[in-house]
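Notes for the structure review
Residues per chain, in single letters:
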Amino acid sequence: MTSPASPPAVLAGVGLKMAHVPALLARGAGAFLGGAGFVEVHAENHMVDGGPMLRQLERVRTHWPLSIHGVGLSIGGEGPLDVDHLDRLDHLLRRFEPRWFSEHLAWSSHGGRWFNDLLPLPYDPATLNRVCNHIDQVQARLRRPLLLENPSTYLGYTGSTMDEASFLAAIVRRTGCALLLDVNNAYVSGVNHGRDPWLLIDTLIEALPAGAVGEIHLAGFAEDRDAAGDRLLIDHHGCAVDQAVWSLYERTIARLGPVPTLIERDNDVPELAVLEAQAQRALDLLHAGTGRRIEHPVAA
Amino acid sequence: MTQPPAPTAMDPAPATALRFAAALLDTSLPPPAGLHAWNGSDPAVRFAVYRNNVVHSLVAVLADTFPVVRQLVGDDFFGAMARLYVLDHPPRSPLMHRYGAGLPAWVADFEPATALPYLSDIARLEWARLCAFHAADAEPVPVQALAALIQAPQRLARACLELHPTLAVVRSAHPVVSLWAAHQLSDADRDARLAEVPLHSAEAALIFRDASDDALVVELPDADAALAAAIATGAPLGAAQTAHPEADLARVLSLLLRHGLVTGVGGPLPATETSA
């Protein structure tokens, strides 16, 4: 175990699915990622009246730091935020008091219809104002800082007047929110828009105040081709993290220092140990980056 | 929702969310104007990624909620049917466990599925299981509290029961409980069991979440199910029995008690306070 004198400031975690909960609880906190593990759940999955989704999360949160990741707020939506959904989030966050709460720079509903996808925004001053106003509203209502996740996108808006890094940095400066830096999204968007994936991250880090990146996501993508035959990467969270994303991650943490890092998997979800092994790799890189050795628990 | 004006070469309007949203669900529309790819390639190929994400993820939600419907019609048929449902009835809420409430009724009117007249009721049963899984927790009343009531027939007749929030009653003109149960078995056992299902028998079930968080399907005679449904609406037990004379009140009460489904006992409620 990590010695009591140095509590694990370096954390790695997995996106937790219900099927993983029994295996996780059986392991116990000390035996999951050497005591340096955390878990993340999707907020909307736990917006239920009762039953196992709530009971299991109650048990999990007593053993591990918890991140609640929203996918339903449509912060980039053209219309007003759904105040009923904000109320549900407030209720959930007060009940489980997670260490982190995050949402996306995207829109997912319009005209009362919900699309279950994270849709892209134009990067222009009007959109920036709208997004900032929504984030101000979210942070005031939920009385806690939001971590905003950078998107993966497949198309650009002709009307965009800002690059993504400047847009995100402006949001962070104006609203005081933090950033959930999804390195896979940065890679996917970089390739999909013919840009160096490192450029977004490098520009962001340059533009952001220190400590503005509160969490990192890593995930897998699928690969396709567009109409010109160029690579088109699809952020499907359905396979292991790609080597190119690991490399980008190493460069990122070399600049940022240790940031809690999460392995996301939403499709073709393997058993917990497979995700844990990827999170362990992130943990090893975090420790290597800070020059500290990892102390693995001695097997009983 | 108002229809957006069709984009034309003369109409360089920006890609608003309205146009974007309309084109996501209507594959006959081109992608909205104002979107581009870095290499100048046709944006339609890239826009299709968003379309696929929306439709495939929502079809996957329905496939998870209605696994027996999917097995009964096969993956291909289910995928095509669910896709039509998604395009006609996109979600109105970001809570995916609430998506699909309208599918059972929609399936009943879905022409290509009329060869399976029980399909809609199977869907109702599966929807009830999902609702049971996520419904509120509630403590059952102690059995002793009801024992006293059962000793006093006059009071029993006037009593109203509060039933567990997870409980639903499904009644069907088709053998939906047998069909559903057969699809919980392995492939070989399922086919043997299906061969024994009498195709023209009506069946009914109580559906609720049990202590181990499983959403149970417990078959009971249709008359008993009708009685349970009447009790669930807050009807006094005597009146409910009178309305369903062929039902066995003692058997229904025993079933409800055995599974911890009685969460409150009261006198007759004013009509305005009774609810389903």
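Our structure is the block above this text.
Everything in this summary refers to the structure shown in the same document. (Residues numbered from 1 in each chain as written. Chains lettered and ligands numbered in written order. Predicted model: local features only at pLDDT ≥ 70, side-chain atom pairs only at ≥ 80, totals over all residues. Heavy atoms only, no water.)

1. Some words on the nonpolar core
By size, the foremost hydrophobic cluster in this structure holds 155 residues, and its most contacted members are Ile 171, Leu 218 and Tyr 249 of chain A. Among the elements that make up this core, the one with the highest residue count is helix H2 (residues 43-65) of chain B (10 residues). Val 141, Leu 161, Ile 231 and Leu 261 of chain B belong to the second largest nonpolar core, which has 30 residues in total. (Core = buried A, V, L, I, M, F, W, Y, C linked by side-chain atoms within 4.5 Å. Buried < 20%, exposed > 50% of the residue type's maximum accessible area, 1.4 Å probe, protein only. Helix = DSSP H or I, 4+ residues; strand = E, 2+ residues; numbered from the N terminus.)

2. Things to note about the interface of chain A and chain B
Taken together, the contacts link 44 residues of chain A with 44 residues of chain B. Carbon and sulfur atoms supply 62% of the area buried between chain A and chain B, which totals about 3,900 Å² over both sides. In this assembly, chain A and chain B are joined by three salt bridges. Salt-bridge contacts for Arg 55 of chain A lead to Asp 137 of chain B; the nearest nitrogen and oxygen are separated by 2.6 Å. (Contact = heavy atoms within 4.5 Å. Buried area = accessible area lost by both parts, 1.4 Å probe. Salt bridge = Lys/Arg side-chain N within 4 Å of Asp/Glu carboxyl O.)

3. Notes on the sheet that holds strand E4 (residues 203-209) of chain B
Residue and element names in this part refer to chain B. If you trace the three strands from one edge of the open sheet to the other, you get E3-E4-E5, paired in antiparallel fashion. The open sheet has two edge strands with one neighbour each: strand E3 (168-172) and strand E5 (215-220). Within this sheet the neighbouring strands show an average axis-to-axis angle of 25 degrees, counted without direction. Relative to the sheet, helix H11 (residues 222-232) contacts E3, E4 and E5, its axis offset from that of E3 by approximately 145 degrees. (Pairing = 2+ DSSP bridges. Axes fitted to C-alpha atoms, helices over the stretch in contact; angles between N-to-C directions.)

4. Quick word on empty space enclosed by the protein
Any empty space left between atoms is shown by rolling a water-sized probe over those atoms. All names here are of chain A. What the rule picks out here adds up to one cavity of 30 Å³ or more. In this model, the largest cavity occupies a volume close to 60 Å³. Lining the largest cavity are Gly 15, Leu 16, Lys 17, Glu 40, Val 41, His 42, Leu 262, Glu 264, Arg 265 and Asp 266. Of the residues contributing to the lining of the largest cavity, the split by class is three nonpolar, two polar and five charged. (1 Å grid on protein atoms, 1.4 Å probe; cavity = no way out; pocket = protein on both sides within 12 Å on 5 of 7 lines; lining within 4 Å. Points joined across faces, edges and corners; volume = space filled by probe spheres on them. Nonpolar A, V, L, I, M, F, W, Y, C, P; charged D, E, K, R; others polar.)

5. Re the pairing of strand E5 (residues 107-110) of chain A
Residues and elements named next belong to chain A. In the sheet, E5 pairs with strand E6 (residues 113-119) via three bridges, with the strands oriented antiparallel. Paired with Ser 109 across the bridge in E6 is Trp 114. Between the end of E5 and the start of E6, which pair antiparallel, lie two residues, with Gly 111 showing a positive phi angle near 60 degrees.

6. Overview of the sheet that holds strand E1 (residues 12-15) of chain A
Residues and elements named next belong to chain A. The sheet built from eight strands closes into a barrel, its strands ordered E1-E2-E3-E4-E7-E9-E10-E13 with parallel pairing. Pairs of neighbouring strands in the sheet enclose a mean axial angle of 25 degrees, with direction left out of account. Examined bridge by bridge, strand E7 (residues 147-149) and strand E9 (residues 178-182) share three bridges and lie parallel to one another. Bridge assignment links Glu 149 to a residue of E9, and that residue is Leu 180.

7. Thoughts on the pattern of salt bridges
In the structure shown here, the tally under the stated rule is 23 salt bridges over all chains. Here Arg 46 of chain B makes a salt bridge to Asp 226 of chain A, at a shortest N to O gap of 3.0 Å. Pair noted here: Arg 46 of chain B is in helix H2 and Asp 226 of chain A is in the loop between strand E11 (222-225) and strand E12 (231-234), and the two residues belong to different chains. Exposure remark for Arg 46 of chain B: the relative accessible area of 0% places this residue in the buried category. Where salt bridges share partners, they join Asp 87, Asp 90, Arg 94, Arg 141 and Arg 143 of chain A into one cluster.

8. Things to note about the packing of aromatic side chains
Residue and element names in this part refer to chain A. All chains considered together, the criterion is met by 16 aromatic pairs over all chains. On the basis of an interplanar angle of 85 degrees and a centroid distance of 6.1 Å, the ring pair of Phe 32 and Trp 64 is categorised as edge-to-face. Taken as a pair, Phe 32 in the loop between helix H1 (21-27) and strand E2 (37-42) and Trp 64 in the loop between helix H2 (52-63) and strand E3 (66-69) lie far apart in primary sequence, 32 residues in all. The exposure class assigned to Trp 64 is buried, which follows from its relative accessible area of 3%. (Phe/Tyr/Trp six-rings, centres within 6.5 Å; stacked < 30°, edge-to-face > 60°.)

9. A word on the side chain of His 217 of chain A
Along the chain, His 217 of chain A turns up in strand E10 (residues 213-218). Of the residues examined, His 217 of chain A reaches a relative accessible area of 0% and is grouped as buried.

10. Focus on the packing of helix H4 (residues 125-142) of chain A against helix H5 (residues 164-175) of chain A
Residue and element names in this part refer to chain A. Orientation of H4 relative to H5, taken along the N-to-C sense of each, is 40 degrees, at an axis distance of 10 Å. Taken as axis vectors, H4 and H5 run oblique relative to one another. Between H4 and H5 the crossing geometry is right-handed. Counted together, Thr 127, Leu 128, Asn 129, Val 131, Cys 132, Ile 135, Asp 136 and Gln 139 of H4 and Phe 167, Ala 170, Ile 171, Arg 174 and Thr 175 of H5 form the full contact between these two elements. Residue classes in the contact of H4 with H5 are distributed as seven nonpolar, four polar and two charged. (Parallel < 35°, antiparallel > 145°, perpendicular 65-115°, else oblique. Left-handed = near helix turned anticlockwise from the far one by under 90°.)

11. Concerning helix H8 (residues 243-256) of chain A
All names here are of chain A. Look at H8: 20 Å from first C-alpha to last across 14 residues, which is about the 20 Å you get at 1.5 Å a residue. For H8, the complete set of buried residues consists of Val 245, Trp 246, Leu 248, Tyr 249, Thr 252 and Ile 253. Along the long axis of H8, the arc covered by the buried residues comes to 160 degrees, so they all point the same way. Where H8 begins, the side chain of Asp 242 points an oxygen toward the backbone nitrogen of Ala 244, at a separation of 2.9 Å. Immediately downstream of H8, the backbone of Gly 257 shows phi near 80 degrees, a positive value. (Expected span 1.5 Å × (residues − 1). Arc of directions from axis to C-beta. Polar contact = N/O pair within 3.5 Å; in protein donor to acceptor, adjacent residues only side chain to side chain.)

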